[in-house]
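Chains, contacts and geometry: an overview
Each chain, written out:
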Amino acid sequence: MSTTHRPYNFSAGPAVLPEEVLREAAAEMLDWHGSGMGVMEMSHRGKEFISIHEAAEHDLRALLAVPPHFKILFMQGGGLGENAIVPLNLSRGGQVDLVVTGAWSKKSAAEARKYADVAIAASNEADGHTTLPAAAGWQLRPGASYVHLCSNETIHGVEFGALPDLAALGSDAPLVVDCSSHILSRPIDWARVGLAFAGAQKNIGPAGLTLVFVREDLLDRALPICPSAFEYKTVAAHGSMFNTPPTYGIYIAGLVFQWLQRQGGVAEMERRAIAKAALLYGALDGSGGFYANKVAHDGRSRMNVPFFLHDESLNEAFLAGARAAGLLQLKGHKSVGGMRASIYNAMPIEGVQALVDYLNEFARRHG
Ligand SMILES: *Cc1c(COP(=O)(O)O)cnc(C)c1O
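The structure reproduced in this document is the subject of the present report. All of these numbers come straight from a predicted model, not from anything done at the bench.

Here the focus is helix α6 (residues 247-263). Helical periodicity: at 3.6 residues per turn, an α-helix aligns residues three or four positions apart in one direction. Taking 1.5 Å of rise per residue, 17 residues should cover 24 Å, and α6 covers 25 Å from first to last C-alpha, within 8% of that figure. Burial of α6 is extensive: 13 of the 17 residues sit out of reach of the surface. Following α6 by one or two positions, Gly 264 adopts a phi angle in the positive range, close to 120°.

A word on the site of the ligand. Residues in contact with the ligand, as listed here, are Gly 78, Gly 79, Leu 80, Trp 104, Cys 150, Asn 152, Thr 154, Asp 178, Ser 180, Ser 181, Gln 201 and Lys 202. The contact in question runs from an oxygen atom of the ligand to an N or O atom on the backbone of Leu 80, over 2.8 Å. For the ligand, an oxygen atom lies 2.9 Å from a polar atom in the side chain of Gln 201. Here the ligand has 390 Å² of accessible area as a free molecule, and 86% of this is covered by the chains. If one sorts the elements of the shell around the ligand by residue count, helix α3 (residues 78-90) sits on top with three residues. The residue makeup of the shell around the ligand, split by class, is three nonpolar, seven polar and two charged.

Secondary-structure assignment places Lys 276 in helix α7 (residues 265-285). Spatially, the C-alpha atom of Lys 276 lies 8.3 Å from that of Pro 348, the residues being 72 residues apart in sequence. Those residues in contact with Lys 276 that lie beyond four places of it in its chain are Ile 343, Tyr 344, Asn 345, Met 347, Pro 348, Ile 349 and Val 352.

In summary, soluble globular proteins display a tendency toward joint burial of nonpolar side chains. Of all hydrophobic cores here, the largest spans 55 residues; its most connected members are Leu 64, Leu 184, Phe 213 and Phe 257. Among the elements that take part in this core, α6 stands out by supplying ten residues, more than any other. Among all residues touching Phe 257, those that are not within four sequence positions of it are Ala 56, Asp 59, Leu 60, Leu 63, Leu 184, Ile 204 and Leu 211. In this structure, Phe 307, Leu 319, Val 356 and Ala 363 belong to the second largest nonpolar core, which totals 29 residues.

This brings us to the packing of helix α8 (residues 315-324) against helix α9 (residues 349-366). Where α8 meets α9, the axes come as close as 11 Å, and the angle between the chain directions of the two elements is 135°. Judged on the interaxial angle alone, α9 and α8 are oblique. Classified by chirality, the crossing of α9 by α8 is right-handed. On the side of α8, the interface is formed by Ala 317, Phe 318, Gly 321 and Ala 322, while α9 contributes Tyr 358, Leu 359 and Phe 362. Residue composition of the contact of α8 with α9, by class: six nonpolar, one polar and no charged.

Let's shift gears to the sheet that holds strand β11 (residues 291-292). Taken together, three strands build an open sheet; the order of strands is β11-β12-β14 and the sheet is antiparallel. Of all strands in the sheet, those bounded by a partner on one side alone are β11 and β14 (339-342). Relative to β14, strand β12 (residues 304-309) runs antiparallel, the two being bridged by four bridges. Residue pairing for β14: Val 305 is matched across the bridge by Ala 341. Those strands touched by α7 are β11, β12 and β14, and its axis lies near 15° from that of β12.

Turning next to the pairing of strand β2 (residues 70-76). In terms of residue burial, β2 counts as a mostly covered element, since five of its seven residues are buried. As judged from the seven bridges shared by β2 and strand β10 (residues 209-215), these two strands associate in the antiparallel manner. Each residue of the ladder has a partner; that of Met 75, found in β10, is Thr 210.

The omega angle of the peptide bond from Gly 13 to Pro 14 is -10°, so this bond is cis rather than trans. On the secondary structure map, Pro 14 appears in the loop between β1 (8-9) and α1 (19-27). A positive phi angle, near 50°, is found at Ala 65, a position not held by glycine. Tracing the backbone through its elements, the reader meets Ala 65 in the loop between α2 (47-63) and β2.

On the surface, a cluster of nonpolar side chains totalling about 340 Å² of accessible area is made up of Met 29, Leu 30 and Met 40. Checked against the element boundaries, Met 40 lands in the loop between α1 and α2.

Across the interface, α1 lies against α6 with an axial gap of 10 Å and an inter-helix angle of 135°. Put simply, α1 runs oblique to α6. Viewed along their axes, α1 and α6 form a crossing whose handedness is right-handed. Between α1, through Glu 20, Val 21, Glu 24 and Ala 25, and α6, the contact on the second element is made entirely by Tyr 248, Tyr 251, Ile 252, Leu 255, Val 256, Gln 258, Trp 259, Arg 262 and Gln 263. In the contact of α1 with α6, the residues fall into eight nonpolar, two polar and three charged.

A sheet is described by the order of its strands in space; here seven strands give the open sequence β2-β10-β9-β8-β5-β3-β4, paired in mixed fashion. Pairing within the sheet leaves two strands with one partner each, and these edge strands are β2 and β4 (117-123). Averaged over all pairs of adjacent strands, the angle between strand axes in this sheet comes to 20°, irrespective of strand direction. As judged from the six bridges shared by strand β3 (residues 95-100) and β4, these two strands associate in the parallel manner. Each bridged residue has a counterpart across the sheet, and for Val 96 the counterpart in β4 is Val 118. In this fold helix α4 (residues 103-112) packs onto β3, β4, β5 (146-150) and β8 (175-178), with an angle of close to 160° to the strand it touches most, β3.

Rules used throughout
Residues numbered from 1 in each chain as written. Predicted model: local features only at pLDDT ≥ 70, side-chain atom pairs only at ≥ 80, totals over all residues. Heavy atoms only, no water. Helix = DSSP H or I, 4+ residues; strand = E, 2+ residues; numbered from the N terminus. Expected span 1.5 Å × (residues − 1). Buried < 20%, exposed > 50% of the residue type's maximum accessible area, 1.4 Å probe, protein only. Near = heavy atom within 4 Å. Polar contact = N/O pair within 3.5 Å; in protein donor to acceptor, adjacent residues only side chain to side chain. Areas by Shrake-Rupley, 256 points an atom, 1.4 Å probe, with all protein chains shown as cover. Nonpolar A, V, L, I, M, F, W, Y, C, P; charged D, E, K, R; others polar. Contact = heavy atoms within 4.5 Å. Core = buried A, V, L, I, M, F, W, Y, C linked by side-chain atoms within 4.5 Å. Axes fitted to C-alpha atoms, helices over the stretch in contact; angles between N-to-C directions. Parallel < 35°, antiparallel > 145°, perpendicular 65-115°, else oblique. Left-handed = near helix turned anticlockwise from the far one by under 90°. Pairing = 2+ DSSP bridges. Patch = residues over 30% accessible without salt bridge, like charges linked within 9 Å, V, L, I, M, F, W, Y side chains within 5 Å. Salt bridge = Lys/Arg side-chain N within 4 Å of Asp/Glu carboxyl O.

Here you go:
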């Protein structure tokens with residue numbers, strides 16, 4: 001590498017983190033704020049870690065304007081863990097309606113079937129997960145315990161622009177949102193949400209930490225078989241310290257929240273995400289068919305951009321050239337093929353511009 005910056009990392013997750021945060025964490029690795037301890041070595045019940053935890057929760061609540069009647073839980077188990085933890089806590093063993101827009105919501109449906117009577121309220125599977133099913137056509141059952149959707153499908157690159165208003169669709173079921181891969185890149189309309197969850201490894205920090213935002217009136221519904229460490233009511237009652245929380249993950253997340261505030265918060269992240277996505281989709285759409293993203297325009301993700309070369313025999317050469325140009329982890333998910341560029345909050349627009357320059361140059365050489 002002859003560049004002075006680190007390579008640009010387009011991994012879908014675990015993914016790029018702000019370099020400033022990594023440097024801060026490195027500087028504090030052996031001694032956090034004069035305590036004589038690294039964060040990984042601290043008791044989660046000591047005053048040092050409690051201050052880290054409280055600041056992280058406070059900053060997250062402020063960044064996303066989370067209302068007071070929502071609890072914020074720092075949990076473990078990832079997004080797939082929540083696919084089981086949510087029905088264990090909210091389904092009452094009854095009906096759950098799932099909106100399928102890609103691989104993640106499909107997995108959520110399969111897991112919820114272990115605990116509940118699951119029906120698919122809408123699905124875009126017939127078109128290869130490339131469109132957003134219009135909410136007016138969703139088949140919502142009146143008795144459903146909740147309705148689940150994935151607001152950004154990381155693999156298929158399909159993102160909801162706005163969350164549906166279930167009440168306006170005649171449903172009083174709470175909405176459950178898996179927002180793992182675009183949390184903190186746009187505001188969340190809490191009036192439309194009962195519960196939202198996100199694995200940290202896309203837009204927040206290290207894998208393992210899982211954020212849950214749950215409306216207080218939903219805390220008391222867990223099935224008796226729900227493990228105590230995964231029961232929202234128990235976790236909430238202990239301030240996310242029923243068992244040892246993922247302390248280092250919470251610390252890094254807290255540094256990322258501070259970084260976000262210094263950048264201008266979620267509004268600024270959204271402005272940048274719009275600009276980065278416009279730049280990248282513009283290059284793909286303007287390539288004269290050399291590259292293609294197949295998602296309908298109103299469902300295109302600002303965070304995860306899958307694309308294909310018109311001549312797939314060039315895929316290996318494309319990836320090798322990208323690596324040589326300092327553009328890492330562009331290979332698409334194995335279930336979709338092709339390429340995928342994930343352009344999370346920590347990806348600067350300079351990285352997207354470098355990718356666009358490479359896309360153009362590669363097309364010129366091979367077009
Ligand atoms: C990555 C991801 C998950 C899975 O998270 P794990 O931590 O691997 O369990 C779930 N949902 C979405 C939308 C994701 O992007």
